[in-house]
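Structural characterization, general
Residues per chain are reported as follows:
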Amino acid sequence: MISLVPHLRIAGALLILLALAHCHIARLYRWEEEAARLSPFNRQVLLVHAFFIALTVALMGALALFWPRELASRSALGLPISAGLTLFWAIRLYFQWFVYDRALWAGKRFETLVHFGFTAFWIYLTGLFALC
């Protein structure tokens, strides 16, 4: 049987990189400039939520990177955490296809590549945590 530990460590490192990439993504898509059009309340909520999403992804990554055996052990704590992570990434996968408007990526080379790349990553994470 294949060990999940190396996969969890890889997923953890990738999640931490994704969290760190939020700074670059924010600049690339000019989130502050876009958010400036919102009311002060909505702008602050948006930026605070973006920060906490990145923090949550980083913490998920740290959990998988530094405690992979505990996640894969089906222990009293590992099992519900893995189940929660499975649900989280399965819902994220659903949103990738059924909430984001197809017009955001269809027919655009880079955006389509990103869309399918993240689809593959969400499938990997969902499957990996489900196996735990």
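What you see is a predicted model; the values in this text were computed from it and never measured.

Description of helix H5 (residues 78-98)
- An ideal rise of 1.5 Å per residue puts 30 Å on 21 residues; H5 measures up with 30 Å between its terminal C-alpha atoms.
- When H5 is considered as a whole, its buried residues turn out to be Gly78, Ser82, Leu85, Thr86, Trp89 and Gln96. Down the axis, H5 shows its buried residues gathered within 105 degrees of arc, on one side only. H5 presents Leu87 and Phe98 as exposed residues on the side facing more than 90 degrees away from its buried surface.
- Taken together, the buried residues of H5 touch helix H1 (5-28), helix H3 (40-66), helix H4 (68-72) and helix H6 (109-131).

A short note on the packing of aromatic side chains
- This structure, assessed with the given rule, holds eleven aromatic pairs.
- Both rings, one in Tyr94 and one in Phe98, keep their centres 5.0 Å apart while their planes meet at 40 degrees; by these two values the pair is tilted. Note that Tyr94 and Phe98 are positioned in helix H5 at a spacing of four residues, about one turn of the helix.
- For Phe98, a relative accessible area of 60% gives the class exposed.
- Between the aromatic rings of Trp97 and Trp105, the centroid separation amounts to 5.6 Å while the plane-to-plane angle is 75 degrees, which identifies the pairing as edge-to-face.
- Put simply, the rings of Phe88, Trp89, Phe118, Phe121 and Trp122 pair up and form one aromatic cluster.

Describing the pattern of salt bridges
- A complete count under the given rule lists two salt bridges for this structure.
- For Glu33, the salt bridge goes to Arg30, with nearest N and O atoms at 3.6 Å.
- For Glu33, a relative accessible area of 44% gives the class partly exposed.
- A residue is classified by how much of its surface remains accessible, and Arg30, at 44% relative accessible area, is partly exposed.

Observations concerning the packing of H1 against H3
- Look at H1 against H3: their axes get within 7 Å of each other, and the N-to-C directions meet at 160 degrees. When the axis of H1 is compared with that of H3, the two are roughly antiparallel. For the crossing formed where H1 meets H3, the hand is left-handed. Contact residues: Leu8, Arg9, Gly12, Ala13, Leu15, Ile16, Leu18, Ala19 and His22 in H1; Ala50, Ile53, Ala54, Val57, Ala58, Met60, Gly61, Ala62, Ala64 and Leu65 in H3.
- Of the residues contributing to the contact of H1 with H3, the split by class is 15 nonpolar, three polar and one charged.

Description of a nonpolar patch on the surface
- Residues Leu87, Ile91, Tyr94, Phe95, Trp97, Phe98, Val99 and Phe116 make up a contiguous nonpolar surface patch of about 820 Å² in total accessible area.
- Per-element tally for the nonpolar patch: the top contributor is H5, with six residues.

Analysis parameters
Residues numbered from 1 in each chain as written. Predicted model: local features only at pLDDT ≥ 70, side-chain atom pairs only at ≥ 80, totals over all residues. Heavy atoms only, no water. Helix = DSSP H or I, 4+ residues; strand = E, 2+ residues; numbered from the N terminus. Expected span 1.5 Å × (residues − 1). Buried < 20%, exposed > 50% of the residue type's maximum accessible area, 1.4 Å probe, protein only. Arc of directions from axis to C-beta. Contact = heavy atoms within 4.5 Å. Phe/Tyr/Trp six-rings, centres within 6.5 Å; stacked < 30°, edge-to-face > 60°. Salt bridge = Lys/Arg side-chain N within 4 Å of Asp/Glu carboxyl O. Axes fitted to C-alpha atoms, helices over the stretch in contact; angles between N-to-C directions. Parallel < 35°, antiparallel > 145°, perpendicular 65-115°, else oblique. Left-handed = near helix turned anticlockwise from the far one by under 90°. Nonpolar A, V, L, I, M, F, W, Y, C, P; charged D, E, K, R; others polar. Patch = residues over 30% accessible without salt bridge, like charges linked within 9 Å, V, L, I, M, F, W, Y side chains within 5 Å. Areas by Shrake-Rupley, 256 points an atom, 1.4 Å probe, with all protein chains shown as cover.

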